[in-house]
Amino acid sequence: MVYVCRKEHFNAAHKLWNPNWSDEKNFEVFGPCANVNWHGHNFELIVTVKGLPNPETGFVVDLKQLSTLIKKEIIEKVDHKNLNMDVEFMAGKMASCENLVMEFWKILKPKVDQIVPEGHLYKLTLYETERNFVEYFGE
């Protein structure tokens, strides 16, 4: 089995805030991430596809096709946006990396699987900072 990865980049703002909590509790739990004027990150999204190489091309997935798909379905919708206010698929959800990566999976899984006949979407890795990231396997 071969695992092929494509990394994409986007910038976005968000705020972690639970409207059911007091200001004090939000600041206690979320710290500076609850900043009333938002805060931003330079995110990196790594899409990993698992499969067997096509005997005619030698590819598990055409990386140009994968990149185009990621940019169209995800990056164009989140880049230079406020995740809480501007991104339709995040409406009504806490804009955490955990929730964001799960929404990315819902969007990408069926589309990636269509372009990978001998494999499937295996994992998404979303870096919020150089040291903070989440991985999601669709489970």
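As a starting point, this report considers the structure included with it. (Residues numbered from 1 in each chain as written. Predicted model: local features only at pLDDT ≥ 70, side-chain atom pairs only at ≥ 80, totals over all residues. Heavy atoms only, no water.)

A word on the overall build of the chain
For the chain, the count of helices and strands is 3 helices and 5 strands. Helices (α) and strands (β) of the chain occur, in sequence order from the N terminus, as β-α-β-α-β-α-β-β. When contacts within the chain are restricted to residue pairs at least 6 apart in sequence, those whose partners lie at least 24 apart make up 67%. Accessible surface for the chain amounts to roughly 8100 Å². Of this, 50% is attributable to carbon and sulfur atoms. Between the centroid of the 16 positive side chains of the chain and the centroid of its 20 negative side chains there is a distance of 3 Å. (Helix = DSSP H or I, 4+ residues; strand = E, 2+ residues; numbered from the N terminus. Contact = heavy atoms within 4.5 Å. Areas by Shrake-Rupley, 256 points an atom, 1.4 Å probe, with all protein chains shown as cover. Lys, Arg positive; Asp, Glu negative; His and termini not counted. Charge placed at Lys NZ, Arg CZ, Asp CG, Glu CD.)

Quick look at the pairing of strand E5 (residues 133-136)
Only one face of E5 is buried, namely the one carrying Val134 and Tyr136, since none of Phe133 and Glu135 on the opposite face is buried. Relative to E5, strand E4 (residues 119-127) is paired through 4 bridges, and the arrangement is antiparallel. Pairing of Tyr127 across the sheet is with Phe133, part of E5. (Buried < 20%, exposed > 50% of the residue type's maximum accessible area, 1.4 Å probe, protein only. Pairing = 2+ DSSP bridges.)

Overview of the sheet that holds strand E2 (residues 39-51)
The mixed open sheet is built from 5 strands, whose spatial order is E3-E1-E2-E4-E5. Looking along the sheet, the strands with just one partner apiece sit at the ends: strand E3 (81-82) and E5. Pairing analysis gives 8 bridges linking E2 to E4, with the strands arranged antiparallel. Across the sheet, the residue bridging to Val49 is Leu121, located in E4. Sitting on the sheet, helix H2 (residues 63-78) is in contact with strand E1 (2-14), E2 and E3, with an inclination near 20° to E1. Against the sheet, helix H3 (residues 97-115) engages E1, E2, E4 and E5, with an angle of about 155° to E4. (Axes fitted to C-alpha atoms, helices over the stretch in contact; angles between N-to-C directions.)

Thoughts on the state of the cysteines
Applying the stated rule across the entire model yields 0 disulfides. Note on Cys33: no disulfide assigned, nearest cysteine sulfur contributed by Cys97 at a separation of 9.1 Å. With a relative accessible area of 23%, Cys33 lands in the partly exposed category. (Disulfide = S-S within 2.5 Å.)

Some thoughts on the nonpolar core
Core analysis: the biggest nonpolar cluster contains 34 residues, and Phe10, Leu45, Leu100, Phe104, Leu124 and Leu126 have the highest contact counts within it. When residues of this core are traced back to their parent elements, those giving at least two are E1, E2, H2, H3, E4 and E5. No other element matches H3, which puts 8 residues into this core. (Core = buried A, V, L, I, M, F, W, Y, C linked by side-chain atoms within 4.5 Å.)

Some points on the packing of aromatic side chains
Throughout the structure, instances matching the rule amount to 9 aromatic pairs. What links up through ring pairs into an aromatic cluster is the set Phe10, Phe43, Phe89 and Phe104. It is Lys15 that lies over the ring of Trp17; its NZ or CZ is 5.5 Å from the centre. The ring of Trp38 carries the charged tip of Lys15 above its face, separated from the ring centre by 4.5 Å. (Phe/Tyr/Trp six-rings, centres within 6.5 Å; stacked < 30°, edge-to-face > 60°. Lys NZ or Arg CZ within 6 Å of the ring centre and 35° of its normal.)

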